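Spelled out, the chains give:
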Amino acid sequence: MPLLISKNFIIEKSELVYLSIVSSTLILFSTENYFHFPYALMSILGFLMLFRDTLRRNIWNFKIFFLLFFSIWAPMVVATLFSPSIERSFEKTISYLHFLPSTYFLIKVGMKTNLRKILSYLTLVFFVFLLFDSIVQYFLGQNLLGQPLVDDKITSIFYPKQRLGIILVLFCPVVISLLLGLRSSRTKNVLSFILCFSFIMVLALTLKRSAWMMMSYLFILIIIFNFNLIRAFFSWKQCVAIIILVGSMSLVIGSNNNLRGLFDKSVGLFSANEIELNRASNGRYDLWKTGLNIVKENTLFGVGPRVYRDVYREYASPHDFWINRYGAVQTHPHLFLIEILCETGLFGFLLFVFVNVKLIKYYRKYSDPWLLSGIVAAFPLNLHLAFYGSYWASVLWFFLGIGLGRVLSKNNSENKLVQCKTNVVN
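A brief report on the enclosed structure follows.

1. Some points on the side chain of Ser281
Inference 1: Checked against the element boundaries, Ser281 lands in the loop between helix 13 (274–280) and helix 14 (284–297).
Inference 2: A polar contact of 3.1 Å, which involves the side chain of Ser281, links it to the backbone nitrogen of Tyr285.

Right, dumping it as structure tokens:
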């Protein structure tokens with residue numbers, strides 16, 4: 001018997017269970033490891049769905065997903081065969097396979113319109129909570145859970161990890177799409193302005209340049225693919241709102257010493273001096289330089305996923321920032337492009353480009369906000385987490401799964417329509 005949520009939402013009880021699992025995964029991304037539990041459930045359910053659809057011969061309808069997934073996974077397999085640390089590489093490559101059934105499960109959820117809508121509203125609620133919790137943490141010194149600031153940086157419930165900014169950016173397309181879909185009113189406009197101002201302020205005060213870069217990438221994609229819509233929507237009221245936003249944010253930046261200091265420090269990124277570059281990039285310059293040295297010697301297939309740390313000392317310079325200061329190395333180069341190049345080589349890089357091109361093509365056609373979040377999660381210049389790491393891979397395939405659900409449902413509907421017209425003509 002269907003369970004009535006409201007006039008617009010009717011879902012089955014089994015679907016309510018699916019929604020609970022997906023929602024808990026989304027929320028538990030704020031933790032270090034707890035999100036793995038609902039992810040394991042999604043993998044089990046996804047495997048059962050895969051098995052069932054294989055028996056029913058429906059699996060071919062999901063060929064787009066398999067093409068994208070194996071474009072990421074195949075270079076990992078090849079790189080493992082040539083890896084100097086085959087055990088670590090093999091472990092990561094095999095464990096990465098669990099994203100196949102879990103993403104299949106998320107696609108199934110994403111194909112159901114009502115579940116997508118409810119999940120979007122839950123994302124909005126979580127987004128608002130994170131902003132409120134962050135503002136409380138900034139002004140009171142601790143958030144609603146009593147967690148303090150970390151070096152004067154806002155973390156909200158992601159404490160002590162500094163992942164708030166990059167996750168908020170991924171929520172943005174879903175929140176914006178939801179707000180644009182609401183009926184226009186003065187109340188909606190005021191609340192949207194408050195939400196936008198709060199988001200920009202919190203994003204700035206996370207002091208995470210990687211989040212700022214991701215937001216810039218998102219902003220560019222939105223302008224490129226929605227230019228006509230934005231132009232039609234723009235009016236003098238929006239101009240005034242933007243002026244107020246820019247003026248307010250200038251005051252926030254001007255009154256925050258840490259934020260001003262970070263901007264001043266970032267100027268060093270344009271320096272030709274290696275010491276200045278290292279200081280401005282928090283030591284990332286040496287990570288990138290060592291990564292490129294690895295690429296030179298392992299151009300085609302790389303050294304294997306997550307093996308960067310194992311070969312780092314072999315390719316690092318004698319004056320390496322991390323070895324000389326800390327006597328240790330980082331686990332990844334803190335830049336997706338270099339990570340992919342040195343761990344899966346040119347083969348992995350070309351297929352990564354292929355995946356991004358296909359995703360952007362699908363977004364251009366279907367304008368799905370979840371898919372756009374997935375595209376931003378695959379931002380080639382991401383400076384924060386590892387592309388092949390379990391946390392960010394989980395985040396990436398989570399958003400891609402929901403987004404591809406709509407793409408596949410629309411694509412399959414179009415194919416059926418073409419087939420019906422062909423049958424009628426014949």
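Once you've had a look at it, read on.
2. Focus on helix 9 (residues 209–225)
Inference 1: Given a rise of 1.5 Å per residue, 17 residues ought to cover 24 Å, and the 24 Å separating the end C-alpha atoms of helix 9 matches this to within 8%.
Inference 2: Every buried residue of helix 9 is accounted for by Arg209, Ser210, Ala211, Trp212, Met214, Met215, Tyr217, Leu218 and Leu221.

3. Focus on helix 14
Inference 1: For helix 14, which comprises 14 residues, the first-to-last C-alpha distance of 20 Å matches the rise-based estimate of 20 Å (1.5 Å per residue) to within 8%.
Inference 2: Of the residues making up helix 14, those classed as buried are Arg284, Asp286, Leu287, Thr290, Gly291, Ile294 and Val295.
Inference 3: Looking at the buried side of helix 14, the elements it contacts are helix 13, helix 15 (308–315), helix 16 (321–326) and helix 17 (336–366).

4. Re empty space enclosed by the protein
Inference 1: Under the definition given, this model contains 2 cavities of 30 Å³ or more.
Inference 2: There is about 70 Å³ of room inside the largest cavity.
Inference 3: Lining the largest cavity are Leu68, Ile72, Phe352, Val355, Asn356, Leu359, Ala378, Phe387, Leu396, Trp397, Leu400 and Leu404.
Inference 4: Counting only elements with at least two residues in the lining of the largest cavity, the list comes to helix 3 (63–81), helix 17 and helix 19 (390–425).
Inference 5: Considered as a void within the structure, the second largest cavity measures approximately 30 Å³ in volume.
Inference 6: Elements represented by at least two residues in the lining of the second largest cavity include exactly helix 3 and helix 17.
Inference 7: Looking at side-chain class alone, the lining of the second largest cavity contains 6 nonpolar, 2 polar and no charged residues.

5. Considerations on the side chain of Thr123
Inference 1: Inspection of the secondary structure puts Thr123 in helix 6 (residues 113–140).
Inference 2: Within polar-contact distance, the side chain of Thr123 engages the backbone oxygen of Leu119 at 2.8 Å.
Inference 3: Among residues more than four places away in sequence, those in contact with Thr123 are Leu26, Phe171, Val174 and Trp370.

6. Observations concerning the packing of aromatic side chains
Inference 1: Counted according to the given criterion, the structure contains 35 aromatic pairs.
Inference 2: Plain terms: the ring middles of Phe62 and Tyr104 are 4.8 Å apart, the flat faces sit at 55° to each other, and that makes the pair tilted. Here Tyr104 lies in helix 5 (residues 99–110) and Phe62 lies in the loop between helix 2 (36–55) and helix 3, a separation of 42 residues in the sequence. Tyr104 matches Phe62 in its accessibility class, with the two residues each being buried.
Inference 3: Both rings, one in Phe301 and one in Phe347, keep their centres 6.3 Å apart while their planes meet at 80°; by these two values the pair is edge-to-face. Of the two residues, Phe301 sits in the loop between helix 14 and helix 15 while Phe347 sits in helix 17, which places them 46 residues apart along the sequence.
Inference 4: Judged by its relative accessible area of 28%, Phe301 falls in the partly exposed class.
Inference 5: Lying across the ring of Tyr391, Arg163 places its NZ or CZ 4.0 Å from the centre.

7. Overview of the nonpolar core
Inference 1: Grouped together as the largest cluster of nonpolar side chains are 99 residues, with contacts concentrated most on Phe65, Trp392 and Trp397.
Inference 2: Counting 14 residues, the second-largest nonpolar core is a separate cluster that includes Val303, Tyr312, Phe321 and Leu341.

8. Here we look at the state of the cysteines
Inference 1: Taken as a whole, this structure holds 0 disulfides when the rule is applied.
Inference 2: Note on Cys172: no disulfide assigned, nearest cysteine sulfur contributed by Cys196 at a separation of 8.1 Å.

9. Some thoughts on the packing of helix 6 against helix 7 (residues 164–181)
Inference 1: Interaxial distance between helix 6 and helix 7 falls to 9 Å at its minimum, and their mutual angle equals 135°. Viewed along their axes, helix 6 and helix 7 adopt a mutual orientation that is oblique. Handedness of the helix 6/helix 7 crossing: left-handed. The segment helix 6 lies against helix 7, with Ser120, Tyr121, Thr123, Leu124, Phe126, Phe127, Leu130, Leu131 and Ser134 engaging Leu164, Leu168, Phe171, Val174, Val175 and Leu178.
Inference 2: Class assignment of the residues belonging to the contact of helix 6 with helix 7 gives a composition of 12 nonpolar, 3 polar and no charged.

Reading the values: rules and limits
Residues numbered from 1 in each chain as written. Predicted model: local features only at pLDDT ≥ 70, side-chain atom pairs only at ≥ 80, totals over all residues. Heavy atoms only, no water. Helix = DSSP H or I, 4+ residues; strand = E, 2+ residues; numbered from the N terminus. Polar contact = N/O pair within 3.5 Å; in protein donor to acceptor, adjacent residues only side chain to side chain. Expected span 1.5 Å × (residues − 1). Buried < 20%, exposed > 50% of the residue type's maximum accessible area, 1.4 Å probe, protein only. Contact = heavy atoms within 4.5 Å. 1 Å grid on protein atoms, 1.4 Å probe; cavity = no way out; pocket = protein on both sides within 12 Å on 5 of 7 lines; lining within 4 Å. Points joined across faces, edges and corners; volume = space filled by probe spheres on them. Nonpolar A, V, L, I, M, F, W, Y, C, P; charged D, E, K, R; others polar. Phe/Tyr/Trp six-rings, centres within 6.5 Å; stacked < 30°, edge-to-face > 60°. Lys NZ or Arg CZ within 6 Å of the ring centre and 35° of its normal. Core = buried A, V, L, I, M, F, W, Y, C linked by side-chain atoms within 4.5 Å. Disulfide = S-S within 2.5 Å. Axes fitted to C-alpha atoms, helices over the stretch in contact; angles between N-to-C directions. Parallel < 35°, antiparallel > 145°, perpendicular 65-115°, else oblique. Left-handed = near helix turned anticlockwise from the far one by under 90°.

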